[in-house]
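Survey of secondary and tertiary structure
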Amino acid sequence: MTIEQAALYVRRRERMMESMGQGSVGVWMSPPVRVRNHDVDYLYRQTSDILYLSGCAEPEAVLVLCPERPEGERSVLFVRPRDVDREIWFGRRLGPERAREHYGVDVAYSVEELDKKLPDLLGEAERLFLRTGLEPEQDRRALEWLEQVKRKRRLGVVTPSQIVDPSRITDEMRLYKDDVELAWMRKAASINMAAHKAAMAAAKPGMHEYELAALLHYSFERQGCTGTAYQSIVGGGENATILHYTENQDPLRDGELVLIDAGCEWNYYASDITRTFPVNGRFTSMQRDVYQIVLEALDAAIAVCKPGALMQDVHQAALRCLTQGLISLKVLEGDLEKLLSSRAYETFYMHRTSHWLGLDVHDAGGYYDAQGNHRVLQPGMVLTVEPGLYFHSYHDVQSAEPFRGIGIRIEDNILITPEGHENLTLQTPRTIEQVEVACGG
Ligand SMILES: [Mn+2]
């Protein structure tokens with residue numbers, strides 16, 4: 001970690017402590033390492049709030065923030081101790097001595113001292129900021145620390161009487177990306193754009209969905225990504241109508257489309273691109289008609305993205321275009337406004353148009369403000385825009401019969417800027433012409 005980065009985390013922790021206020025202490029515990037099978041663990045992923053507040057990706061780390069304490073003792077990080085034997089078997093550890101400087105925290109301890117130190121740290125606050133309900137074992141442990149401190153009440157020690165969810169603060173902070181986060185998101189976007197282009201160039205009839213998935217993952221990993229932001233979706237033909245299809249086992253057939261929804265993580269920041277293209281490189285005229293509608297919905301929704309607009313407006317712009325398109329395809333019949341208010345589109349477009357993007361692919365941040373109003377877009381927010389049309393065979397709509405088996409989604413990542421927006425993924429082929437050229441068709 002560079003000195004500039006460490007300073008960034010210091011600033012975030014300062015802001016966090018300011019929002020928590022006096023009389024508070026905050027505790028963030030890493031998720032446990034999980035067994036995949038027998039002696040093999042799942043690939044570890046630190047929780048995003050700890051990454052956001054410290055940059056520490058190590059398992060078992062615990063971050064404690066104590067705004068009440070004197071300068072130089074307010075941020076405390078517990079990490080795994082140095083252990084030659086464990087390190088030879090399972091990998092190097094930073095250890096508390098080096099962790100203090102590396103992460104720029106005030107104090108670092110071995111995680112083995114957690115149960116001993118935590119009650120002391122808690123016993124100076126009225127409010128404990130702690131995310132509960134995710135890991136029963138962590139909840140149990142935290143309650144035990146609280147019990148220990150409560151015993152000191154008779155000695156006149158102030159002990160926490162409230163547990164407050166810290167994510168109400170971190171979610172709000174994480175909603176507005178700073179320059180470092182944006183640099184990392186641009187890097188993730190550029191790697192992901194190249195990966196999608198490579199998949200378009202490689203696809204041909206007879207290949208399997210997993211071959212394209214493998215190509216994407218190769219593109220991600222050879223650039224040093226921290227992983228994929230989510231399970232890659234590579235759906236040929238009707239598989240594209242299953243929104244979260246991740247089996248990726250089927251052959252890709254001549255004349256069909258393939259939908260790829262995949263994204264890498266760079267420094268734990270996600271990219272999330274969807275493109276749909278013809279397996280043989282050329283759209284049929286019917287595929288072209290549907291694709292053009294989805295593309296217009298994408299452009300119309302992105303055009304709404306600017307400071308002051310509501311996220312709901314982005315969705316409405318997409319719905320209007322998609323519904324108009326379904327009328328022009330003769331799948332729906334009737335008055336546009338009436339079809340919109342009766343949600344006639346829902347059979348063919350059943351998901352929302354946008355989600356926040358950042359450390360999590362469905363990133364932290366409320367879709368409504370504290371008053372329950374739709375969120376107003378502001379500079380620094382990053383959201384996806386991903387309209388689609390899906391003609392699956394789970395329902396029997398006569399007018400949609402000609403399109404059965406077609407699933408099309410196109411997704412870009414949009415940064416709200418003071419002037420309007422910046423499309424972070426614009427260089428991924430998106431018009432019919434660009435897509436056919438990229439497919440070599
Ligand atoms: Mn998405």
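A tally of regular secondary structure across the chain gives 13 helices and 19 strands. When the backbone C-alpha atoms are referred to their principal axes, the chain occupies close to 80 × 50 × 40 Å. Taking all contacts inside the chain whose residues are at least 6 apart in sequence as the whole, residues at least 24 apart take part in 71%. Per element, the accessible surface of the chain, about 20500 Å² overall, is 49% carbon and sulfur. Distance between charge centres in the chain, computed from 49 positive and 65 negative side chains, equals 3 Å.

On to the domain arrangement of the chain. Entries for the chain in the domain assignment read domain 1 (3–173) and domain 2 (176–438). Centre-to-centre, using C-alpha coordinates, domain 1 lies 37 Å away from domain 2. Contacts between domain 1 and domain 2 engage 12 residues on the former and 13 residues on the latter. Across the domain 1/domain 2 interface, buried area totals approximately 1100 Å², and carbon plus sulfur atoms make up 49% of it. Ranking the residues of domain 1 by area buried against domain 2 places Arg45, Asp171 and Glu172 at the top, with a combined share of 37%. Our count for the domain 1 to domain 2 interface comes out at four salt bridges. The closest approach of N and O atoms between Arg12 and Asp178, which form a salt bridge, is 2.9 Å. For the pair domain 1 and domain 2, the number of links is six residue pairs in polar contact (both at pLDDT 80 or more). At the level of secondary structure, the elements contributing two or more residues to the side of domain 1 that touches domain 2 comprise helix H1 (3–20), helix H2 (48–54) and helix H7 (167–175). With four residues, H1 is the largest single contributor of residues to the side of domain 1 that touches domain 2.

Let us look at the packing of aromatic side chains. This structure, assessed with the given rule, holds seven aromatic pairs. With 6.5 Å between their ring centres and 40° between their planes, Trp89 and Phe90 make a pair best called tilted. The two residues Trp89 and Phe90 agree in class, both being exposed. Considering the side-chain rings of Phe348 and Phe391, the 5.3 Å spacing of their centres and the 45° angle between planes classify their relative orientation as tilted. Placement of Phe348 in the loop between helix H12 (336–341) and strand E15 (382–385) and of Phe391 in the loop between strand E16 (388–390) and strand E17 (407–409) is noted, with a sequence separation of 43 residues between them.

Bringing the coordination of the manganese ion into the picture now. Geometrically, a metal with four donors at the corners of a regular tetrahedron has ideal angles of 109.5 degrees, and one with six donors at the corners of a regular octahedron has ideal angles of 90 or 180 degrees. Within the protein, the manganese ion binds to Asp272 (OD), His355 (NE2), Glu386 (OE) and Glu411 (OE); these donor distances fall in the range 2.1 to 2.4 Å. In primary-sequence terms, the residues that donate to the manganese ion follow D-x82-H-x30-E-x24-E. Separated by 56 residues along the polypeptide, His355 in the loop between H12 and E15 and Glu411 in the loop between E17 and strand E18 (412–416) bring together distant segments of the chain.

In spatial order, the strands read E9-E12-E13; together these three strands make up an open sheet with antiparallel pairing. Of all strands in the sheet, those with a lone pairing partner are strand E9 (227–228) and strand E13 (269–270), marking the two edges. Where strand E12 (residues 264–266) meets E13, two bridges bridge the pair, whose relative direction is antiparallel. What sits directly across from Trp266, in E13, is Tyr269.

In terms of nonpolar packing, the biggest core is built from 108 residues, with Leu212 and Phe391 touching the most fellow members. Sorting elements by how many residues they give to this core places helix H10 (residues 285–304) first, with 10 residues. Residue assignment places this core across two domains, with domain 1 (3–173) and domain 2 (176–438) each supplying three or more.

Let us now look at the sheet that holds strand E8 (residues 162–164). Read from one edge to the other, the open sheet built from six strands follows the order E6-E5-E4-E1-E7-E8, with strand pairing classed as mixed. Either end of the sheet is taken by a strand with one partner, and the two such strands are strand E6 (107–110) and E8. For this sheet, the mean inter-axis angle between neighbouring strands, taken without regard to orientation, is 20°. Across three bridges, the pairing between strand E7 (residues 127–130) and E8 is parallel. Opposite Leu128, over in E8, you have Ile163 as the bridge partner.

Moving on, we come to the pattern of salt bridges. According to the stated counting rule, one finds 33 salt bridges in the structure shown. Note that Asp261 is salt-bridged to Arg409, the shortest N-O span being 3.0 Å. Taken together, the residues span a long stretch of sequence, with Asp261 in strand E11 (residues 257–262) and Arg409 in strand E17 at a distance of 148 residues. With its nearest N and O atoms 2.8 Å apart, the salt bridge here joins Asp412 to Arg275. Separated by 137 residues along the polypeptide, Asp412 in strand E18 and Arg275 in strand E14 (residues 273–278) bring together distant segments of the chain. The exposure class assigned to Arg275 is buried, which follows from its relative accessible area of 0%. One connected set of salt bridges, linked through shared partners, spans Asp49, Arg174, Lys177, Asp360 and Asp363.

Of note, His351 is situated in the loop between H12 and E15. Under the relative-accessibility criterion, His351 is labelled buried at 18%. Here the side chain of His351 touches Tyr390 through a polar contact of 2.7 Å, side chain to side chain. The residues contacting His351, other than those within four sequence positions of it, are Leu243, His315, Glu386, Tyr390 and Arg409.

Attention shifts here to the environment of Arg100. Counting through the fold element by element, Arg100 comes out in helix H4 (residues 95–103). Excluding anything up to four places from it in sequence, Arg100 contacts Val105, Asp106, Val107 and Ala108.

Bringing the packing of helix H5 (residues 114–122) against helix H6 (residues 136–150) into the picture now. As a packed pair, H5 and H6 sit with axes 9 Å apart at the nearest point and diverge in direction by 60°. Considered as vectors, H5 and H6 are oriented oblique to each other. At the point where H5 passes H6, the crossing takes the right-handed sense. Touching Leu114, Asp115, Leu118, Pro119 and Leu122 of H5 are Arg141, Trp145, Leu146, Gln148 and Val149, all from H6. In terms of residue class, the contact of H5 with H6 is made up of seven nonpolar, one polar and two charged.

Rules behind the numbers
Residues numbered from 1 in each chain as written. Predicted model: local features only at pLDDT ≥ 70, side-chain atom pairs only at ≥ 80, totals over all residues. Heavy atoms only, no water. Helix = DSSP H or I, 4+ residues; strand = E, 2+ residues; numbered from the N terminus. Contact = heavy atoms within 4.5 Å. Areas by Shrake-Rupley, 256 points an atom, 1.4 Å probe, with all protein chains shown as cover. Lys, Arg positive; Asp, Glu negative; His and termini not counted. Charge placed at Lys NZ, Arg CZ, Asp CG, Glu CD. Domains from an automatic or database assignment. Buried area = accessible area lost by both parts, 1.4 Å probe. Salt bridge = Lys/Arg side-chain N within 4 Å of Asp/Glu carboxyl O. Polar contact = N/O pair within 3.5 Å; in protein donor to acceptor, adjacent residues only side chain to side chain. Phe/Tyr/Trp six-rings, centres within 6.5 Å; stacked < 30°, edge-to-face > 60°. Buried < 20%, exposed > 50% of the residue type's maximum accessible area, 1.4 Å probe, protein only. Donors = N, O, S within 2.8 Å, 3.2 Å for Na, K, Ca; no water. Pairing = 2+ DSSP bridges. Core = buried A, V, L, I, M, F, W, Y, C linked by side-chain atoms within 4.5 Å. Axes fitted to C-alpha atoms, helices over the stretch in contact; angles between N-to-C directions. Parallel < 35°, antiparallel > 145°, perpendicular 65-115°, else oblique. Left-handed = near helix turned anticlockwise from the far one by under 90°. Nonpolar A, V, L, I, M, F, W, Y, C, P; charged D, E, K, R; others polar.

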